Amino acid sequence: MKDTRRRDFLKKMSSIAFMGFGVGFSGCYQPSSRRNMVGNYIDVHVHIGHEWMKDEHLTVKNLLDWMDVHSVEKSVVLPLVSPESWFYPVSTDYVLKETAPHRDRLIPCCSIDPRTLNLGGREGTVLLLKEYIDKGAKGFGEHKPGVAMDDSRNMVLYESLNEVGLPCLFHLDNSRNMDKVGLPGLEKVLKTYPDLVMIGHANGWWASIDGDAVQADFQSYPDREINRQGAVDRLLAEYPNMYGDLSAGSGANAISRDLEFGRAFIIRNADKLLFGTDYLKVGQKIPQFELYENMDLPADVRAKVYKGNAERLFG
Ligand SMILES: [Zn+2]
């Protein structure tokens with residue numbers, strides 16, 4: 001099919017899916033052909049991995065099988081390069097190489113640890129990012145270094161990302177991209193680079209959904225009900241370049257800890273939220289599918305959060 005015709009076809013199919021019978025049937029979805037599948041979701045946060053001890057290796061094949069079962073049309077595949085991010089580095093080159101035969105389904109990202117910037121500075125970083133873009137990278141992340149959110153080396157990295165136009169998906173807690181209650185470090189980044197898309201993920205970001213969050217919440221899964229909106233709502237509303245990644249235990253917890261607040265939060269921020277799972281291990285339990293399907297979200301909200309916003313950001 002020609003590209004434009006295929007796009008129209010995909011659009012039509014996804015709108016049919018969202019009209020009722022396409023959504024919420026992860027149990028009876030029939031995997032069809034690997035290529036050009038039309039699914040309910042774009043997952044903005046998955047990983048592939050190397051063999052590690054007794055765990056089954058999460059290969060590209062395993063990932064695609066899992067996507068077929070859960071009606072995930074495309075996934076954004078994130079390297080993990082910082083020593084604080086994962087016990088075994090998942091390099092950008094590995095992600096680019098493994099995803100290369102499946103670019104219709106797998107969208108690769110690139111990552112650079114800001115502490116290596118002393119080698120090439122901003123110029124060297126921009127050159128490296130351009131090389132990754134030439135090889136197919138559509139975003140930056142998972143950005144997860146053990147430095148402060150607004151560390152001077154991080155700021156040089158953000159400047160470089162701003163120059164090449166890649167969205168940055170970052171992990172924020174008390175030991176990676178650290179920030180204070182109210183997220184002043186992140187706000188400084190948003191203000192300094194208003195064209196750089198920042199996508200918030202992990203415990204520190206999601207604890208800040210609560211206006212009464214304390215620093216210890218940044219490294220945990222708070223279960224208190226939420227009495228007033230926090231920094232997450234404020235930054236999403238005030239900064240067009242701020243987005244939220246709903247993946248992982250932290251994303252699911254932020255919504256499920258107070259379902260009434262969580263549902264209203266998704267509806268009022270429907271243009272700024274991205275469906276994601278953080279799938280990184282074969283057999284991993286993923287709460288997101290059931291959680292959102294049981295929330296009775298309006299069809300247009302689901303369309304944006306499940307797919308539309310990600311299509312806009314990751315091309
Ligand atoms: Zn992750």
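See above for the structure.
An account of the accompanying structure is given in this report. All values derive from a computational prediction rather than experimental measurement. (Residues numbered from 1 in each chain as written. Predicted model: local features only at pLDDT ≥ 70, side-chain atom pairs only at ≥ 80, totals over all residues. Heavy atoms only, no water.)

## Comments concerning the overall build of the chain
Thought 1: Secondary structure summary: the chain contains twelve helices and eight strands in total.
Thought 2: The 315 residues of the chain split such that 55% are buried.
Thought 3: Relative to all contacts within the chain whose residues are 6 or more apart in sequence, the contacts with residues 24 or more apart total 78%. (Helix = DSSP H or I, 4+ residues; strand = E, 2+ residues; numbered from the N terminus. Buried < 20%, exposed > 50% of the residue type's maximum accessible area, 1.4 Å probe, protein only. Contact = heavy atoms within 4.5 Å.)

## Description of empty space enclosed by the protein
Thought 1: One pass over the structure, following the stated rule, counts one cavity of 30 Å³ or more.
Thought 2: If you add up the space inside the largest cavity, you get close to 40 Å³.
Thought 3: Around the largest cavity, the lining residues are Asn203, Trp206, Ala207, Ser220, Tyr221, Pro222, Ser250, Asn253, Ala254 and Arg257.
Thought 4: Among the secondary structure elements, those contributing two or more residues to the lining of the largest cavity are α7 (203-207) and α9 (248-256).
Thought 5: Each residue belonging to the lining of the largest cavity can be placed in one class, and the counts come to five nonpolar, four polar and one charged. (1 Å grid on protein atoms, 1.4 Å probe; cavity = no way out; pocket = protein on both sides within 12 Å on 5 of 7 lines; lining within 4 Å. Points joined across faces, edges and corners; volume = space filled by probe spheres on them. Nonpolar A, V, L, I, M, F, W, Y, C, P; charged D, E, K, R; others polar.)

## Concerning the environment of Asp113
Thought 1: Tracing the chain through its elements places Asp113 in the loop between β3 (106-110) and α4 (117-134).
Thought 2: The spacing of Asp113 and Ser82 is 31 residues in sequence and 5.7 Å in space, taken between C-alpha atoms.
Thought 3: Leave out the neighbours within four places in its chain, and Asp113 touches Val81, Ser82, Pro83 and Pro145.
Thought 4: At a separation of 2.7 Å, a polar atom in the side chain of Asp113 contacts the side chain of Arg115. (Polar contact = N/O pair within 3.5 Å; in protein donor to acceptor, adjacent residues only side chain to side chain.)

## Description of the coordination of the zinc ion
Thought 1: Note on the zinc ion: its protein donors are His45 (NE2), His47 (NE2), Glu142 (OE) and Asp278 (OD). The metal-donor distances range over 2.0 to 2.4 Å.
Thought 2: Classification of the site at the zinc ion as irregular follows from its four donor atoms and the range of 84 to 170° in their angles at the metal. (Donors = N, O, S within 2.8 Å, 3.2 Å for Na, K, Ca; no water. Tetrahedral: all angles 85-135°; square planar, octahedral: opposite > 155°, others 65-115°.)

## Here's the deal with the layout of surface pockets
Thought 1: Considering only enclosed or pocket space, the second largest pocket measures out at about 270 Å³ in volume.
Thought 2: Lining the second largest pocket are 20 residues; nearest its centre among them are His171, Asn203, Tyr221, Ala248 and Asp278.
Thought 3: If you tally residues by element for the lining of the second largest pocket, the top one is α9, at three residues.
Thought 4: For the lining of the second largest pocket, the per-class residue count stands at six nonpolar, nine polar and five charged.

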